[in-house]
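Topology and contacts: notes
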Amino acid sequence: MSISIEGITKNFGSFQALKNISLEIPDGQLVGLLGPSGSGKTTLLRIIAGLESADEGRILFHGEDVTRLHVRERRVGFVFQHYALFRHMTVAQNVAFGLDVLPSRERPPAAEIHKRVQMLLEMVQLGHLADRYPAQLSGGQKQRIALARALSMKPQILLLDEPFGALDAKVRKDLRRWLRTLHEEFHFTSVFVTHDQEEALELSDQVAVMSAGKIEQVDTPQKLYAQPSSRFVFDFLGQVNVFRGERSDSTLRQGDAWVRLPDAAGATSLQLYMRSHEVRLQTTPAAHAHLPLRIESVSLVGAEVRLELSPVGWSSEEPWEVGITHAQFNTWQPQRGDQCFAVPQVAHLIEVDAHTPHTLRWEAGEMDDPAAMI
Amino acid sequence: MQQRRTMRAGDQPLVKWTLIGLAIITTLLMLVIPLVLIFDMAFSAGAGNYWDNLTNQYTRHAIGLTLLVAALTVPINLVFGVFLAWLVTRFEFPGRKALITLIDIPFAVSPVVAGLLYLLLYGSNGWIGSWLMDNEVQLMFAWPGIVMVTVFVTCPFVARELIPLMQQQGREEEEAGVVLGATGWQLFRRITLPNIQWALLYGVVLTNARAVGEFGAVSVVSGNIRGETNTLSLHIELLYQDYNVVGSFAAASLLAGIALITIVVKSFVEWRQARQRAPLAELSDGR
């Protein structure tokens, strides 16, 4: 079931939580709403569910206007951030609740409800906990029961509010993988809210990045990471290295550092944004860039070796971070305090005070001295 | 220096035992002895006389009226209290905070003043009362007036018990219920009520105790007509003024008995509430 969000606006008193939001969620997709706290993502999710009403705009499920439909009639599954399990009911009673409150002519017989509940509990691999109370469960177990309960009415839309926010890293990873499988198996349309960019990028088919009540960008995780459409998305999604400078002719300069731009752009005050994988390190400067850096720390944990670097003879607000492979690390053997040079392969140019970046690529010929490359 | 700092006030045995001794003496003098004396006086002329005093025509009527007042007051304030607590904890509206403060007025105002206010409004010369009189409805100096002032005096008990609990529990569970398709009544019956039941019972016990024992407000509006508008507490005073001391203490022993039962029920409910608030500790003991 597809979800269409058309021009949703929501105010809480004088605070504008959502500003004319529009978003298309195709049938069967898993979409993440990503943003810092206060960006309006939970409000949007609650409006889709019907727990909150919009001041303006429409919500459509499968082309049908549900804006005025009561939350009870919308038949969505909703997983709350703090689980919201009924504390005075057992796990089985929790999962059976939706079926139990059906009008008597629609309600399946008790034996069938029992069977359905058992099946749902098996699905979340917690069949053995049917008679426990929520207070006796761990956070991860509670979350899975909350999911089983949300799926008990066979919803075609599943909404999750920070589903894994309160869990520790290991459990979170397991549940993420498991939600993905579940989603593929049952083929419902899911929307989940998160402030964790890694979670959003890993789980979603599409991510909508929100900031201050607006959607900044909607794209697949790959595109979002490689081609952020705004400075906000750039800053919010992952580590970024920034070089701020003044342009004269085709050279961007700050202190001792400079970068030769492939095409001369208009403004003079410019910023270059580079993801850590878009930068290489050399022991000597390249022909198109002179960005001296000192190694501040070396982190060997993980798939690549991460180096934290500080500018030498120029400045940046945040330290730079560049990843090199373990093989490169072994041949180069960089130490804390060593000096090296950053060589941008791809960079994103943003004029100061402007919003949209412009991607720059340097041709192979412009990047000389391959011998110096590590 | 370090050691002296760890010494807390009251650590000296002398201070500790003096305070405990004072507390025991005060409790004995002010609570236990009077309570024992009530029963002692009530039975001072023998059990037969005690029974005669209680089955006296006017006493029986006073008991009946008191029970009627409690039987009407408790359900009214039960519904009112739940409604009010639900309103102020589940909805945001202008004046919500003011309403929470206003609930306390019956506690802050002396019951006699409350009685006088009702007399002023609903008495035969009052603003509403004179109109009612023209339509041949008499509220004051009759049992409806007694019920009205008792409802007023006891109305905060249930709401005051529920509001903090419902605020703490939040509305997430109810939202989860409504998403799963529950109607308003099902939500209340299956989710809200089980979560507040002990606090509700606590409020009811307190309401009942106060409704049975209320004197000040009732004495203003009742008119003290023996066998007609005399509640048990008014009847006790009347008997005492008639120099029927044994009779008045016999009637008083009934109220004291109700108070004792209230205390027992109240302690039980408190114990249940404590258990409900700490389910984890209880369950880990059980496993």
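Values in this document were obtained by computation on a predicted structure and should not be read as measured data.

A few words now on the overall build of chain A. Of the regular secondary structure elements, chain A holds 10 helices and 22 strands. Overall size of chain A, expressed as C-alpha extent along the three principal axes, is 80 × 45 × 35 Å. A total of about 16800 Å² of accessible surface is found on chain A, and carbon and sulfur atoms cover 48% of it. The positive charge centre, built from 38 side chains, and the negative charge centre, built from 46, are 7 Å apart in chain A.

Taken together, the contact pairs 22 residues of chain B with 26 residues of chain A. Between chain B and chain A, roughly 2200 Å² of surface is buried when both sides are summed, and carbon and sulfur atoms account for 61% of that area. Our enumeration of links across chain B and chain A arrives at 2 salt bridges. Where E173 of chain B meets R87 of chain A, a salt bridge forms, and the shortest distance between an N and an O atom there is 2.7 Å.

Looking now at unusual backbone geometry. You will see that K154 of chain A, though not glycine, has its phi angle at about 50°, which is positive. If you trace the backbone, K154 of chain A turns up in the loop between helix 5 (139-151) and strand 7 (157-161). For N224 of chain B, which is not a glycine, the phi torsion comes out positive at approximately 50°. Topologically, N224 of chain B is positioned in the loop between helix 13 (216-222) and helix 14 (232-241). For N224 of chain B, a relative accessible area of 26% gives the class partly exposed.

A word on the packing of helix 7 (residues 111-122) of chain B against helix 9 (residues 143-154) of chain B. Packed helix pairs are characterised by how far apart their axes lie and by the angle those axes make with each other. Residue and element names in this part refer to chain B. Contact pair helix 7 / helix 9: the axes reach a minimum separation of 10 Å and the direction vectors enclose 135°. One way to sum up the angle between helix 7 and helix 9 is to call them oblique. For helix 7 against helix 9, the interelement crossing comes out right-handed. Taken together, the residues of helix 9 that come into contact with helix 7 (itself represented by P111, A114, G115, Y118 and Y122) are M148, V149, F152 and V153. Residues that form the contact of helix 7 with helix 9 fall into these classes: 8 nonpolar, 1 polar and no charged.

Those residues carrying the UniProt feature "domain: ABC transmembrane type-1" (unreviewed entry) are residues 63-270 of chain B in this numbering. Across residues 63-270 of chain B one finds 80% helix and 0% strand; the C-alpha atoms that close the span lie 29 Å apart.

Bringing the sheet that holds strand 15 (residues 279-282) of chain A into the picture now. Residue and element names in this part refer to chain A. If you walk across this open sheet you meet the 5 strands as 15-20-17-18-19, and the pairing is antiparallel. Each edge of the open sheet carries a strand with a single partner, namely strand 15 and strand 19 (320-324). With strand direction ignored, the average angle separating the axes of adjacent strands in the sheet is 45°.

Analysis parameters
- Residues numbered from 1 in each chain as written.
- Chains lettered and ligands numbered in written order.
- Predicted model: local features only at pLDDT ≥ 70, side-chain atom pairs only at ≥ 80, totals over all residues.
- Heavy atoms only, no water.
- Helix = DSSP H or I, 4+ residues; strand = E, 2+ residues; numbered from the N terminus.
- Areas by Shrake-Rupley, 256 points an atom, 1.4 Å probe, with all protein chains shown as cover.
- Lys, Arg positive; Asp, Glu negative; His and termini not counted.
- Charge placed at Lys NZ, Arg CZ, Asp CG, Glu CD.
- Contact = heavy atoms within 4.5 Å.
- Buried area = accessible area lost by both parts, 1.4 Å probe.
- Salt bridge = Lys/Arg side-chain N within 4 Å of Asp/Glu carboxyl O.
- Buried < 20%, exposed > 50% of the residue type's maximum accessible area, 1.4 Å probe, protein only.
- Axes fitted to C-alpha atoms, helices over the stretch in contact; angles between N-to-C directions.
- Parallel < 35°, antiparallel > 145°, perpendicular 65-115°, else oblique.
- Left-handed = near helix turned anticlockwise from the far one by under 90°.
- Nonpolar A, V, L, I, M, F, W, Y, C, P; charged D, E, K, R; others polar.
- UniProt positions renumbered as here; feature names shortened; annotations may be inferred.
- Pairing = 2+ DSSP bridges.

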